[in-house]
Amino acid sequence: MTNNAGLMGFVHRRRRGAELFLLVLALVVGIGAYASVGLGVDGEVPANLIGYGSWLAALAVVAHIAIRFVAPYADPVLLPVVTALNGLGLAVLHRLDLAEETSNASKQLMWMTLGVALFVGALLVIRDHRQLGRYTYTMGLVAIGFLVLPMLPVIGNEVNGARIWVRLGPLGFQPGEVAKVLLVLAFAGYLVVHRDALALAGRRLLFIDLPRGRDLGPIVAMWLISLCILVLQKDLGSSLLFFGLFLVMLYVSTERPGWLFVGAIMFLCGAVAAYFFVGHVTERVDIWLHPFADARGDGYQLVQSLYGFAWGGLIGQGLGEGIPYRIPEAQNDFIMAAVGEELGLTAVIAVLLLYGLIVERALRTALICRDGLGKLIAMGLGSVIAIQVFVVVGGVTRLVPLTGLTTPFLSAGGSSLIANWVIVAILLRISDQARRPVPDLTEESGDPDEAQTQVVRVVDR
Amino acid sequence: MNKPIRAVSIFCLLLFVALMINATYLQFWAADDLNNRPDNARATEAAFSRERGDILVGRKAIATSVDSHDRYKYLRRYTEPYLYAPITGYLQLNSQTGLERSQNEILSGEDPRLFVNRLVDLVRNESNKGGNVSLTIDPDAQEAAYQSLEQAVGPDGEGAVVAIEPKTGKILAMTSYPTYNPNQLATHDFSAAGENYKRLSNDDHEPLLNRAIQTRLFPGSTFKMVTAAAALDTGLYTEDDMVPSGATYQPNGVGNVIDNEGRYQCDPAKVSFATAMEFSCNTAFARMAVELGEDRLRATAEAFGFNSDDYFDDLPATAESVFPTEDLEDTFVAQTGFGQYTVQATPLQMAMVAAAIANNGTLMKPKLIDEIQSADYETLQPFEPEELQHDAISPKAAEQVTDLMVDTVNSGTASPAAIPGVEVAGKTGTAQRGSGLPPYAWFTSFAPAGDAKVAVAVMIQSAPGKEIAGGLLGGPVAKAVMEAVLQ
């Protein structure tokens, strides 16, 4: 592991006051947007503004207090950023509700409540992230189990062509969202143990260190799993997300770009084969290349999304003043188009910067973390957010083919929201560990032989 | 592991930069192109949602935007739907008709003249309501036209009335029967609107048609105004001359034989011009047309607006009134002389002929729009009369035609339009359709003859169960409208 000596000399402060201040700003965004929706649609401030605002503020304060008590050194930026995103998402959902007469916003607020509860729960239960390394294979198996769930008869459910839903009575659930967290933990646990074997052996070919054939097992396995998801569940987004995630984590743990090279080739082969042999993929790519060819049929959703962005322009039409409900699924994958239409490029860039901040904070945590497991988990979770945002926002803005993933913290959907709140909890836990001052052990004696045996705190089970 | 983590950071940075550049391209550079694509409904929907200006008759708004509590903010409401439907038209998503279409820029607020107001509204944070359009319509005349027309044609009949102020070209009344309720088409319940549209467009009586400007028919004997005007203007005859007539006339001995449908006053070989007009002698006007020749007749007709489709801008889809442009056999020239053969005119066109005669021979451009106003009723464009054709016929010829038409009311076929104490000039028309179909009835008149305040054209396309005759059916309608204006 690389030496952290350069960072060791610097002692992090807790910065909880800064977090509280930023939280107030985040709440101003969320509650202000909610009020603005009422003004734009009905011409008056929503009647339940105080109740709604208090509820949102209470959730933020609860999360903040939990951090103060159980993770006092945790990163102060993450919670305000996700609160702002979640609040903005609620306001946009509320705006779509008013137009479509749905009730996604109130459901989302309930899910957010549950998400914050799980967030606090995760911080309380996981007192040290190194605990997570003990359940590597269990979590891997559970993740695969989750991925298989939608394929099962009766509870499996196909929505908009992708079989990624589990439905139990009135409750819909996307197991993939939970699986992605478990997969990061499982990969991290596996790689931190096996990284040496994967890293050291290999041969050099054209400036690139290629791994040995026999070490290819895990990457091939993951590649096959991703392909299965793609072919069987027609879920292009998750497939890309899982494989990309695995690749990045493999590269970081082994420090060998050769893995990226091998992975990229495998991905390209898979992608090209999928384009030719999986109808769903062919269709998505064709829509991406020629969205206007069938603007009223297959291309309708993407074209409406593009029209929404264009109609928003630089500053947007104003909340309640646009027509985002013309975009099918505006409350899900296409919520960024609704943001773009009513709040303009300004807000799109702001939201992207907020996501960028989350990723940056996660990667920074990975940099300063003192153990390999924590580094890999933080880096993995940051990458998940980055890839997911890129794939879904790139999809709705026609940068890449549309793949169908939720927009973290913005899209309607309980499983996604909960999973993302847990991701933030884990990131905060790791950053709390990383930023906590190192116990002073170096000044005991100059002579190592006379030094007392270093006391290592055993992680309690 | 920090080196690859830094590499991953840079990679993530690139991903986000790519997203931002793409979003900027989409929302800034490509935005205009996307907004202007024909299948992009956003601009249309936004315009549909907007608070449009009012269409005003006097101080009354006949079309106005009211708050709507559905996905669109404002609903267009027509306060006197049946009376004004042919004028206002209706507003639908993606389609408008009538004034809603021709004045869309003003009503929606997109017109450049409203730019300053829009800017002020933006600064004051007030809603940007569109501009108002105030009409030249005289509400009493409009009401009289509608009621009397409905009475004349009966519930299953069809017809139209146009009244013009001769000196200015202001349209005082414009009505078409049957009509419809534009509120049923402007409703936000699109399926109901679709049903209503289907019902109205499948209706045999074509209620969606504005017959005053969109239906052109044989003008019949009312076209004798034009023939007389041509004869007097070119100096072929004066009003005091005797003109050739006779019981029948077969030009050059070929083609149809023209008779006078039993009006024995026309039988002498020569009758006075006044008699020919009073009793609407077909033979006299047929001979007059042949003497004039189709070129001179056409020249006069075109001076009144025939063969031109750009004299009326205020409503869309105005039909062009036609006079044949090719060289004609005499037998056909003879028929054009009393408004048959291929001569066809809209009610608006015949009202313009009457108005030009009433205005000393000068034809004013017909206008329906009095003023363009801002949302605060501030005048942006006042009414300005425009001459369409100075001296379409000479003032002297106009005076003579007027005299002949006054005689026609006082002691001829147009007597049903006589108003006690007012000198009325008028001409009837009963246009044959041939093959056993009932004829069309026309009536044109203006009053007071010396200093006309109103010129009217009444067209009755069908009136089931009634005897079709221009004087009997159309006369009372014209009289009612003139009285409403003169009072």
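None of these values were measured; they are calculated from a predicted model.

A. Spatial organisation of the overall build of chain A. For chain A, the count of helices and strands is 15 helices and 5 strands. Considering only contacts in chain A between residues 6 or more positions apart, those separated by 24 or more positions represent 72%.

B. Looking closely at the overall build of chain B. Within chain B, the regular secondary structure consists of 19 helices and 19 strands. By residue count, 56% of the 487 residues in chain B fall in the buried class. Of the contacts formed within chain B by residues at least 6 apart in sequence, a portion of 70% connects residues at least 24 apart.

C. Geometry of the nonpolar core. V184, A188, L245, M249, I377, L381 and L427 of chain A are the most contacted members of the largest nonpolar core, which has 156 residues in total. With 19 residues, the top contributor of residues to this core is helix α13 (residues 335–368) of chain A. If near-sequence neighbours (up to four positions away) are discounted, M249 of chain A is found in contact with F187, A188, L191, L376, M379 and G380 of chain A. By size, the runner-up hydrophobic cluster in this structure holds 136 residues, among which are Y177, F304, A447 and A478 of chain B.

D. Representation of helix α12 (residues 224–233) of chain B. Residue and element names in this part refer to chain B. Counting buried residues along α12, 10 of its 10 residues qualify, which places the element largely inside the surrounding structure. Taken residue by residue, α12 has K224, M225, V226, T227, A228, A229, A230, A231, L232 and D233 as its buried positions. At the exit of α12 stands G235, carrying a positive phi of roughly 80 degrees.

E. Quick look at the sheet that holds strand β18 (residues 440–447) of chain B. All names here are of chain B. Spatial ordering of the open sheet is given by β8-β7-β19-β18-β17, a layout of 5 strands whose pairing is antiparallel. The open sheet has two edge strands, β8 (171–177) and β17 (425–431), and neither has a second partner. If you compare each strand with its neighbour and ignore which way they point, the axes differ by 5 degrees on average. Of the pairings in the sheet, the one linking β17 to β18 comprises 7 bridges and is antiparallel in character. Bridge pairing in β18 links T428 to F443.

F. Main features of the interface of chain B and chain A. Tallying the contact residues gives 28 residues for chain B and 39 residues for chain A. For the side of chain B that touches chain A, the secondary-structure elements that each account for two or more residues are α1 (2–29), α2 (31–35) and α3 (42–49) of chain B. A class-by-class count of the residues in the side of chain B that touches chain A yields 16 nonpolar, 7 polar and 5 charged.

G. Structural detail: the sheet that holds strand β3 (residues 74–78) of chain B. All names here are of chain B. Ordered by their spatial adjacency, 6 strands build an open sheet running β3-β2-β1-β6-β14-β15, and the pairing between neighbours is mixed. Of all strands in the sheet, those bounded by a partner on one side alone are β3 and β15 (379–381). Direction aside, neighbouring strands of the sheet carry axes that sit 35 degrees apart on average. Alignment of strand β14 (residues 369–373) against β15, held across 2 bridges, turns out to be antiparallel. Bridge pairing links Q373 to T379 in β15.

H. Representation of the pairing of β8 of chain B. Residue and element names in this part refer to chain B. Counting buried positions along β8 gives 7 out of 7 residues, so the element sits mostly inside the fold. The pairing of strand β7 (residues 158–164) with β8 spans 6 bridges and is classified as antiparallel. Bridge assignment links I164 to a residue of β8, and that residue is I171. Between β7 and β8, which pair antiparallel in sequence order, lie 6 residues; one of them, G169, sits at a positive phi of approximately 85 degrees.

I. The pairing of β3 of chain B, seen in detail. All names here are of chain B. Sheet topology note: the strand β2 (residues 60–67)/β3 ladder contains 5 bridges and is antiparallel. Counted as the bridge partner of D67 is Y74 from β3. The turn linking β2 back onto β3 is made up of 6 residues.

J. Expanded view of unusual backbone geometry. Residues and elements named next belong to chain B. With an omega dihedral of 0 degrees, the bond running from Y177 to P178 counts as a cis peptide bond. Here the bond from A447 into P448 is cis, since omega is -15 degrees, no more than 30 degrees from zero. For P448, the location among the structural elements is in the loop between β18 and β19 (454–462). Located in the positive-phi region is E261, a residue other than glycine, with phi close to 50 degrees.

K. Molecular detail of the confidence of the model for chain A. The share of residues in chain A with pLDDT of 70 or more is 87%, and the mean pLDDT across the chain is 86. Here residues 1–6 of chain A is modelled with pLDDT under 50, and outside its nearest four sequence neighbours on either side it reaches 7 contacts, counting other chains as well.

L. Representation of the environment of D376 of chain B. Residues and elements named next belong to chain B. Structurally, the position occupied by D376 is in the loop between β14 and β15. By C-beta crowding, D376 is classed as exposed, having 11 other C-beta atoms within 10 Å. In the structure, D376 is positioned 323 residues away from G53 in sequence and 9.7 Å away in space, judged by C-alpha atoms.

M. Geometry of the packing of α13 of chain A against helix α14 (residues 372–396) of chain A. All names here are of chain A. Across the interface, α13 lies against α14 with an axial gap of 8 Å and an inter-helix angle of 160 degrees. Taken as axis vectors, α13 and α14 run roughly antiparallel relative to one another. Like other packed secondary-structure pairs, α13 and α14 cross with a definite hand, here left-handed. For the pair α13 and α14, the contacting residues are M336, A337, L352, Y355, I358, V359, A362, L363, T365 and A366 in the first and K375, A378, M379, L381, G382, I385, A386, V389, V393 and V396 in the second.

N. Focus on the packing of α14 of chain A against α1 of chain B. The contact between α14 of chain A and α1 of chain B brings their axes to 10 Å, and the two run at 20 degrees. Here α1 of chain B runs roughly parallel to α14 of chain A, going by the angle between their axes. Judged by the sense of rotation from one axis to the other, the crossing of α14 of chain A with α1 of chain B is left-handed. Contact with α14 of chain A, carried on its side by K375, M379, S383, A386, F390, V393 and G394 of chain A, involves I5, V8, C12, L15 and L19 of chain B of α1 of chain B and no other residues of that element.

O. Here's a closer look at the environment of P448 of chain B. All names here are of chain B. Of the residues examined, P448 has 18 C-beta atoms within 10 Å and is grouped as partly exposed. Residues P448 and I419, spaced 29 residues apart in sequence, show a C-alpha to C-alpha distance of 9.6 Å. Residues contacting P448, with those up to four places away along its chain left out, are V422, E423 and K453.

P. Fine view of the confidence of the model for chain B. Residue and element names in this part refer to chain B. Looking at chain B, pLDDT values average 89 and 99% of them are 70 or higher. Here helix α7 (residues 115–124) stands out as the least confident element of chain B, with mean pLDDT 72; α1 is the most confident, with 95. Two numbers describe this predicted complex: its pTM, 0.68, and its ipTM, 0.91.

Q. Fine view of the environment of L417 of chain A. Residues and elements named next belong to chain A. On the secondary structure map, L417 appears in helix α15 (residues 414–435). Overall, L417 belongs to the buried group, with 26 C-beta atoms counted inside 10 Å. Sequence separation between L417 and V116 is 301 residues, and the spatial gap between their C-alpha atoms is 9.6 Å.

Cut-offs used in this document
Residues numbered from 1 in each chain as written. Chains lettered and ligands numbered in written order. Predicted model: local features only at pLDDT ≥ 70, side-chain atom pairs only at ≥ 80, totals over all residues. Helix = DSSP H or I, 4+ residues; strand = E, 2+ residues; numbered from the N terminus. Contact = placed C-beta atoms within 7 Å. Buried ≥ 20, exposed ≤ 12 C-beta atoms within 10 Å, placed from the backbone. Core = buried A, V, L, I, M, F, W, Y, C linked by C-beta atoms within 7 Å. Pairing = 2+ DSSP bridges. Axes fitted to C-alpha atoms, helices over the stretch in contact; angles between N-to-C directions. Nonpolar A, V, L, I, M, F, W, Y, C, P; charged D, E, K, R; others polar. pLDDT = per-residue confidence, 0-100. Parallel < 35°, antiparallel > 145°, perpendicular 65-115°, else oblique. Left-handed = near helix turned anticlockwise from the far one by under 90°.

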